[in-house]
Amino acid sequence: MEMTRREMLVKSGKFILLTSAAAAAWDYVLAGKAEAAPNYDMTKHWWAMVIDPEKCIGCGNCVRACETENDVPEGYFRTWIERYHVDDWDMEHPQVDSPNGGHDGFPEKYHDGGKTFFVPKMCNHCADSPCTQVCPVGATFITPDGVVLIDPKYCLGCRYCIQACPYGCRFFNPKTNTADKCTLCYHRITQGLTTACCEACPTQARVLADLKNPKDPIHAFLRTHSVQVLKPQMATHAKVFYKNLDGSVR
Amino acid sequence: MKDFLRSIEHLLRVVLLLALGVIGFLVVRRMVIPAEFGKYGHFRPAALDEIRAHPVKFAGRQACEACHSDQADVKSKGKHANLGCEACHGALARHAEDPGSLVPKLPDTAVLCARCHEANQAKPKSFPQVKTAEHSSGLACNTCHKPHDPRIGG
Amino acid sequence: MGTLLHGVEGYMYPNEVELQWSVLIVLYPYITGLVAGAFILASLERVFKVEAVKPTYRLALLVALAFLLVAPLPLQLHLGHPERSFEMYLTPHRSSAMAMFGFVYLWYLMIVLLMEIWLDYRKNIVEWAETGTGLKRWIYRILTLGSRNVSAAALRVDDRVGYFITLIGVPSAFLLHGYVGFIFGSIKANPWWSTPLMPVVFIFSAMVSGIAAVLLLYMLTSKLRRTPIDMRCVDTIGRYLLYTFVIDFSLEMLDLVHRLYEADESLRALDFMVHTRLFFSQVILQIFIGTLLPIALLGLTQIVKLSEGARKAIYVAAGSVTMISIFAMRWNVVIGGQLFSKSFLGYTSYKMAFATREGLLPAIILVLLPFLILYVLVKLLPPWPKREAAV
């Protein structure tokens, strides 16, 4: 059963187009962009991430791994974990905390047996990202393989992009005096490794995915699960997909 | 016509100045604009290579398992089969590149295990959790559980 | 611990705790607003033939120029890499409202303001180039661009071109400041900013502040020069100040009522913010003291027949609180838009430093700098007839 589905998928690329993010990917294919590095073809990938909050145990491994891998300055976060506590009588106003971004885990805080869960957050690498839209000089951009990056040698430090991100994923790096955020470990994924956060996550709560790879299990996953992105009303074509996300998460 | 030209002579000077300014700007712009700007979109293509040049700190489990296949075998049979090695052992790309340059220290299981398995209301119910203070009456975790295959007697 | 230090209440996304845009970014729309407003007042005389405001025409242009020269400085000071700001001209990103800044600014400075001033002063500049002495003479000589062409025909052409420039200057002034409003109004991530009314509100508040500034400066300079204040002029300006203020206030109230009635997901957070962290600067300073009070005072001059002295006092009082009000408005937009979390679950606070790059001290200097420039400009290009010899 699984095999036949996969074969069908390989045959018909249209199935991929079912997701909006992948649809945007084809625009880049049609545009015929060339490759940047000899051993990596940017036109053959369209990166995304799948996050399963039901697997997240709030250990903080991802936050620490990101800090180590990317030299993230203390007090700022390229990825972080939030703890939600939702009362059944006021679902629109959950209690949320993220002590030091979840870097050091979460000391027990609730004992009432109510609905409490972790939500890992990171840059959504939106296909229609408001942050790249507002950059006045082209110092932040989306790559042909679907990663939103910052050029630290070109950024003015005007911080307009930080204001424009609906998810709070960007910060002003006091060491470089430029905007900063998750690169989806571009230096790793372009040489066949997964991101540092995925590498360090003990429960596979987050998994890197390539929407242009027909063999990537993400296609089956997106078709067979209830999937949500953060703040869908922002229409950013976010590419971090959350499985069974609670409605109170914003 | 000549009279008219004379009466706007000073304005022609302004136009000339502005034109010189615009031309000067276009010439300077052409000289200082980054190479191949806009090749893949509105950005500096060299930025891609610069970002890719960032050093890798986590080697990835394939790199670990290339040498430590014995440990990988043990781990693959247990509950921790899906864990990346560096989830517990930390970033070890330097060790993977040149094993002698950095010899990793074994993590302290008392800290390590609790990080994931300390009971917390926010953790998924199906995830194995214990109140460490009550669970082992002070014994180290690895007295009973071997981290690579944590089932008792494993 | 860190969040306590930063005055956070509720939940902020961890990267949101720190404010990105400081008091300098409050100053920027304030200053460009004064430019646009002063220019529009000047164009009243030229385009709309409001003869009564003629005594302020040249002064208004010089005020606009003085503030326009300072307008980019708070931005430069705020940038993480000021040395890279020229990139806005090299590779302007077409989808970015901010990328337009450099071009709109240059257009407005070079084509509109400098040209209009130059054409208006040209006859005097040529005169001064001949009669002047020392350094001033050289400055005037350069300003003539080597042309002493002040024949009647040439001056007629100047007048026509000047009129045409004022004509395109009015929409340019709207563009200059409307786009500043668009920078905020187009950020869909921020409900405090995201409204199509933002550019319109910015334009009208700009006119309010610019008119008030020229009114005050005209009265002040008249006092300093010991010349009588032209009451017909200040009465007319006072009336226009009232009209624009009423429109401005109506637009802002429309925005408020709309927000309250729609009551979308952000309302609870924004409402709480206005009632706590912004209560003083928004409700007390901007609305009550800064808007209702001057509207009432100016309205009084329209309803009751008051003595000259009383009217002058009212104009000074109304003009002064107006300047504070519009500053408070910019503050509430820029700072207010960063005090709440985009999760709508918490609030942070802004603590202004003093003698740092983005602190209070540079802000004060940047507010005073245009007046210094204006002083030099007035010395160089006296905006009033006759008595320039005495200056």
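Predicted model only: the values in this text are computed from it and were never measured.

Peer 1: I'm lost on the overall build of chain C in this one. Help?
Peer 2: For chain C, the count of helices and strands is 15 helices and two strands. Its C-alpha atoms give chain C a radius of gyration of 22 Å, within 12% of the compact-globule value 21 Å for 391 residues. Viewed in the frame of its principal axes, chain C has a C-alpha envelope of about 70 × 55 × 35 Å. Taking all contacts inside chain C whose residues are at least 6 apart in sequence as the whole, residues at least 24 apart take part in 79%. The averaged location of the 25 negative side-chain charges in chain C is 10 Å from the averaged location of its 33 positive side-chain charges.

Peer 1: Where do I start with a negative patch on the surface in this structure?
Peer 2: There is a patch of like negative charges on the surface, built from E92 of chain A together with E262, D264 and E265 of chain C. Here E262 of chain C lies in helix α10 (residues 231-262).

Peer 1: Help me understand the pattern of salt bridges, please; the structure alone is not making it clear to me.
Peer 2: Pairing between side chains of opposite charge can happen when their charged atoms approach one another. Within this structure, the stated rule accounts for 27 salt bridges over all chains. Linking D120 of chain C and R58 of chain C is a salt bridge whose minimum nitrogen-to-oxygen distance equals 2.7 Å. Here R58 of chain C lies in helix α3 (residues 57-70) and D120 of chain C lies in helix α6 (residues 100-131), a separation of 62 residues in the sequence. Overlapping salt bridges bring together D151 and K153 of chain A together with R44 and E50 of chain B as one network.

Peer 1: What is the right way to look at the sheet that holds strand β4 (residues 115-122) of chain A in this model?
Peer 2: Sheet strands pair via backbone hydrogen bonds, and the direction of the pair is either parallel or antiparallel. Residue and element names in this part refer to chain A. Strand order in the open sheet made by the three strands is β3-β2-β4, with antiparallel pairing throughout. The open sheet has two edge strands with one neighbour each: β3 (95-97) and β4. The sheet shows a mean angle of 25 degrees between the axes of neighbouring strands, direction not considered. The pairing of strand β2 (residues 79-86) with β4 spans eight bridges and is classified as antiparallel.

Peer 1: Where do I start with the side chain of H93 of chain C in this structure?
Peer 2: Structurally, H93 of chain C is set in the loop between α5 (87-90) and α6. The exposure class assigned to H93 of chain C is buried, which follows from its relative accessible area of 15%. In terms of polar contacts, H93 of chain C uses its side chain to reach the backbone carbonyl oxygen of C135 of chain A, at 2.8 Å. If sequence neighbours within four positions are ignored, H93 of chain C has contacts with T132, Q133, C135, P136, V137 and G138 of chain A, H42 of chain B together with A99 of chain C.

About the cut-offs
- Residues numbered from 1 in each chain as written.
- Chains lettered and ligands numbered in written order.
- Predicted model: local features only at pLDDT ≥ 70, side-chain atom pairs only at ≥ 80, totals over all residues.
- Heavy atoms only, no water.
- Helix = DSSP H or I, 4+ residues; strand = E, 2+ residues; numbered from the N terminus.
- Rg over C-alpha atoms; globule rule 2.2 N^0.38 Å.
- Contact = heavy atoms within 4.5 Å.
- Lys, Arg positive; Asp, Glu negative; His and termini not counted.
- Charge placed at Lys NZ, Arg CZ, Asp CG, Glu CD.
- Patch = residues over 30% accessible without salt bridge, like charges linked within 9 Å, V, L, I, M, F, W, Y side chains within 5 Å.
- Areas by Shrake-Rupley, 256 points an atom, 1.4 Å probe, with all protein chains shown as cover.
- Salt bridge = Lys/Arg side-chain N within 4 Å of Asp/Glu carboxyl O.
- Pairing = 2+ DSSP bridges.
- Axes fitted to C-alpha atoms, helices over the stretch in contact; angles between N-to-C directions.
- Buried < 20%, exposed > 50% of the residue type's maximum accessible area, 1.4 Å probe, protein only.
- Polar contact = N/O pair within 3.5 Å; in protein donor to acceptor, adjacent residues only side chain to side chain.

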